[in-house]
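One letter stands for each residue in the lines below.
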Amino acid sequence: MLFRSQRVQFWVKPFQTAGRRDFERWLARSTRYTPYMLDELDKAGLPKDIIYTAMIESGFSAGAESHAAAVGIWQFIKPTAERYGLKVNWWLDERKNYVKSTRAAIRYKKDLFELFGSWYLVAASYNCGEQRVRNMIKKYATNNFWELAKMGSLPKETIDYVPKIIAATLIAKAPALYGFRNINYDVPYEFDMAIVPGGTDLHNLAHYLGVTPGYLKELNPDLVHGFIPPSVPQHKIKIPKGSSKLVAKFSYELTGQKSL
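Residues numbered from 1 in each chain as written. Predicted model: local features only at pLDDT ≥ 70, side-chain atom pairs only at ≥ 80, totals over all residues. Heavy atoms only, no water.

Draft legend 1. Local environment of the overall build of the protein chain. When its secondary structure is counted, the protein chain shows 13 helices and two strands. Overall, the protein chain is about 65 × 45 × 35 Å in size when its C-alpha atoms are taken along their principal axes. Expressed as a percentage of its 260 residues, the buried residues of the protein chain come to 48%. Excluding contacts between residues fewer than 6 apart, the proportion of contacts in the protein chain whose partners are at least 24 apart in sequence is 63%. (Helix = DSSP H or I, 4+ residues; strand = E, 2+ residues; numbered from the N terminus. Buried < 20%, exposed > 50% of the residue type's maximum accessible area, 1.4 Å probe, protein only. Contact = heavy atoms within 4.5 Å.)

Structure, rendered in structure tokens:
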């Protein structure tokens, strides 16, 4: 218990000092996504604190990319993303789609919990891989994350990763208590869904709707080049709230066919 407290406190301090500006940005950005994420976690019966994994993974940035080619809020590498049903190709990178990637992350974490029976080990394996954690459990005959960490049996990044998440959780749940006040929290994303034809250019659609192309791209960062792949007949995208009729009209003018 002492080791755990020490490691968590070790990470609380830098979040309050050298990393303060970054943490403030993470807090501000979190509210774009957390209402949806919390709802999905609740439906899946998983601990709601799992959302703070995303804070440490990406700072709640849908476009985040790591040196290890992990992408999106949940920082999926391509093989894991595809294993959990996310498309990653020249046109699409659904790791950047926070709706689809959140659902994939929930399925992945459920599988990890069935494997390890410990949320600390779920986090550790999410960071360094389930096989590595499995090997360490077998080698040291313990499935206690803190024991494995104390022995230095896991990579240093993983030993720090779990305390970082706990530290971030403590601060994010009671920011004022840790000196974070007057955070200008982002408004949660609100959108409707619409089916548009293959080949649709988000830039043209945005102008038709009277919004900036950047806003439509922000809603759909998984469309890597800002186009619906021309090879598909249609594709579902996020659109500004209340714009469904205009989008249907745009699609009809583009193809001469009514949207489904």
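Draft legend 2. Looking closely at the packing of aromatic side chains. Summed over all chains, the structure comprises 22 aromatic pairs. Centroid distance Tyr33 to Tyr98: 4.9 Å. Interplanar angle 70 degrees. Geometry classified as edge-to-face. With a gap of 65 residues between them, Tyr33 in the loop between helix 2 (20–30) and helix 3 (34–44) and Tyr98 in helix 6 (residues 98–116) connect regions that are remote in the sequence. With respect to burial, Tyr33 and Tyr98 carry one shared label: buried. An aromatic cluster of at least three residues, connected via ring pairs, comprises Phe10, Trp11, Phe15, Phe23, Trp26 and Phe180. Stacked on the ring of Phe180, the Lys or Arg Arg20 has its end atom at 4.4 Å from the ring centre. The ring of Tyr126 has Lys109 lying over it, and the distance from NZ or CZ to the ring centre is 3.9 Å. (Phe/Tyr/Trp six-rings, centres within 6.5 Å; stacked < 30°, edge-to-face > 60°. Lys NZ or Arg CZ within 6 Å of the ring centre and 35° of its normal.)

Draft legend 3. Region of the structure containing the nonpolar core. With 78 residues, the main nonpolar core has Phe23, Met55, Trp74 and Phe76 as its most contacted residues. Here the element with the most residues in this core is helix 10 (residues 156–173); it accounts for nine residues. For Met55, the contacting residues outside a window of four places in its chain are Phe23, Trp26, Leu27, Phe60, Ala168 and Ala172. (Core = buried A, V, L, I, M, F, W, Y, C linked by side-chain atoms within 4.5 Å.)

Draft legend 4. Region of interest: the environment of Thr200. Structurally, the position occupied by Thr200 is in the loop between strand 1 (191–197) and helix 11 (202–209). On the basis of relative accessibility, which here comes to 1%, the residue Thr200 falls in the buried class. Those residues in contact with Thr200 that sit more than four places away from it in its chain are Leu205, Gly226, Phe227, Ile228, Phe250 and Leu254. Polar contacts involving the side chain of Thr200 include one to the main-chain carbonyl oxygen of Pro197, which spans 2.6 Å. (Polar contact = N/O pair within 3.5 Å; in protein donor to acceptor, adjacent residues only side chain to side chain.)

Draft legend 5. Geometry of the packing of helix 1 (residues 2–16) against helix 10. The geometry of helix 1 relative to helix 10 is characterised by a closest axis approach of 8 Å and an angle of 60 degrees between their N-to-C directions. The handedness of the crossing between helix 1 and helix 10 comes out as right-handed. Across from Arg4, Arg7, Val8, Trp11, Val12 and Phe15 in helix 1, the residues of helix 10 making contact are Asp160, Pro163, Lys164, Ile166, Ala167, Ala168, Leu170 and Ile171. Classifying every residue of the contact of helix 1 with helix 10 by side-chain character gives 10 nonpolar, no polar and four charged. (Axes fitted to C-alpha atoms, helices over the stretch in contact; angles between N-to-C directions. Left-handed = near helix turned anticlockwise from the far one by under 90°. Nonpolar A, V, L, I, M, F, W, Y, C, P; charged D, E, K, R; others polar.)

Draft legend 6. Broad picture of the side chain of Glu57. Note that Glu57 resides in helix 4 (residues 51–58). In this structure, Glu57 is buried with no salt-bridge partner, the nearest side chain bearing the opposite charge being Lys109 at 6.7 Å. The residues touching Glu57, leaving out its near neighbours within four places in the chain, are Ile73, Trp74, Gln75, Tyr126 and Tyr161. (Lys, Arg positive; Asp, Glu negative; His and termini not counted. Salt bridge = Lys/Arg side-chain N within 4 Å of Asp/Glu carboxyl O.)

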